[in-house]
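# Summary of the model geometry
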Amino acid sequence: TRFVQILTFVRAVILAGGYGKRIMPLTHYKCKPMLPVANRPALDYAVSRLRAAGIRDITFALGYKPYDVVDFAEGYTDINVSYSVEDEPLGTAGAVKLAAGGCDDDIVVCSADTLDDCDLTDMLELHRRSGAIATIETTEVEDLGPYGEVIADGGRVLGLREKLPENAGRRGIANTGTYVLSARALGYVPAGVPFDFAKDLFPYLLKLGRLICEVRSRGYWRDIGSLSDYYAANFDMKRGYPFPAAKHLSRPYCMSVNGNLVAESARVCGRIRNCIIGEGAIVASSAKLESCVVLPGEVVTGSGCGCVIGRDFSLDPLLSGVNLKNAHDTSNIFRLFTSINL
């Protein structure tokens, strides 16, 4: 088809190198792109989205715990995988410049820690038709506080504002972190120094009078950068949101059991209701869980409600709004102080 022809020679870069400080200690043992969302690594949703659009050449821009990603990505059978590892953090634009390695065609950039169903074929076609140096995917959100704001008119970007305290609780247009870049855009990114898209590159291009376009997504989008969003994303996907799945040799197999999503390798002897049980996890006969996410390999003997249950972590001062409590078993429970409609 026409769209497949458009994307045949397109290369993608998935940003998968961040530390995930806001969801520590979950990311202490595993990098954020590999955290399970409904028992699939978050990274898998980004890869599957690109593959569904016909994109086969994907470079993973890595930093923190790179081999977490490499070990899983080697299992894909229908994409061409390459890796770029930062010795020091280079920012989003710096990481893509390093990963692109002199690519002379358009590049699709997306993040490994967002779930997004915006049609990339439409986005790329608009980008090429407009002649823009960059095209930004945006979405309308109820609370701009955690996100960068995009100011646009008629599909043309006029300005960007990074996360501002005064935006908390205000409805607006957020930058989703998905971009299509013309190759010449990366020529404005200095090599070897930290440089971001939203803070540095895009404002500079606008100052030079370069055209940046906006594509408004009206579908599903969620950033899993906070514990509450990570928790909510698990249940969004548990409800069966129709994300595609790229071919992979060892993606975990799960079963729906009485309204619970249970990995085939898990053992459930206790009482569970509306839960997600990860690979190799054990829910003992003494356990009683409701609306919980049990991470892979955990042994749960106590009770929990509305929790993410993981290893025995130590409290991190960056965790605001999360109460870490030792449960009656060997795990810690992360209780999420947020109203989530399950």
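Below or above, wherever it landed, is the structure these notes cover.

Sheet strands associate in pairs through backbone hydrogen bonding, adopting either a parallel or an antiparallel arrangement. Within the open sheet, the 3 strands sit side by side as S17-S20-S23. Their pairing is parallel. At either margin of the open sheet sits one strand with a lone partner, and together these are strand S17 (271-273) and strand S23 (303-305). The mean inter-strand angle of the sheet, taken between neighbouring strand axes irrespective of direction, is 5 degrees. The pairing of strand S20 (residues 288-290) with S23 spans 3 bridges and is classified as parallel. Looking at the pairing, Lys 288 lines up with Ser 303 of S23.

Taken in spatial order, the 3 strands line up as S16-S19-S22 in an open sheet, and their pairing is parallel. Sheet topology places strand S16 (267-268) and strand S22 (299-300) at the edges, where each strand pairs with a single neighbour. Of the pairings in the sheet, the one linking strand S19 (residues 282-283) to S22 comprises 2 bridges and is parallel in character. Paired with Ile 282 across the strands is Val 299, a residue of S22.

A separate point is the nonpolar core. Ile 14, Leu 43, Val 47, Leu 50, Ile 58 and Phe 60 are the most contacted members of the largest nonpolar core, which has 32 residues in total. Of all the elements in the fold, those that place two or more residues in this core are strand S1 (11-15), helix H3 (42-52), strand S4 (57-62), helix H4 (66-73), strand S6 (107-111) and helix H6 (120-130). Setting aside chain neighbours within four positions, we find Leu 43 in contact with Ile 14, Ala 16, Pro 33, Met 34, Phe 60, Val 69, Phe 72, Tyr 76 and Ala 112. In terms of nonpolar packing, the next biggest core, distinct from the first, is built from 30 residues, Ala 61, Ala 100, Val 189 and Leu 201 among them.

Rules used in this analysis
- Residues numbered from 1 in each chain as written.
- Predicted model: local features only at pLDDT ≥ 70, side-chain atom pairs only at ≥ 80, totals over all residues.
- Heavy atoms only, no water.
- Pairing = 2+ DSSP bridges.
- Helix = DSSP H or I, 4+ residues; strand = E, 2+ residues; numbered from the N terminus.
- Axes fitted to C-alpha atoms, helices over the stretch in contact; angles between N-to-C directions.
- Core = buried A, V, L, I, M, F, W, Y, C linked by side-chain atoms within 4.5 Å.
- Buried < 20%, exposed > 50% of the residue type's maximum accessible area, 1.4 Å probe, protein only.
- Contact = heavy atoms within 4.5 Å.

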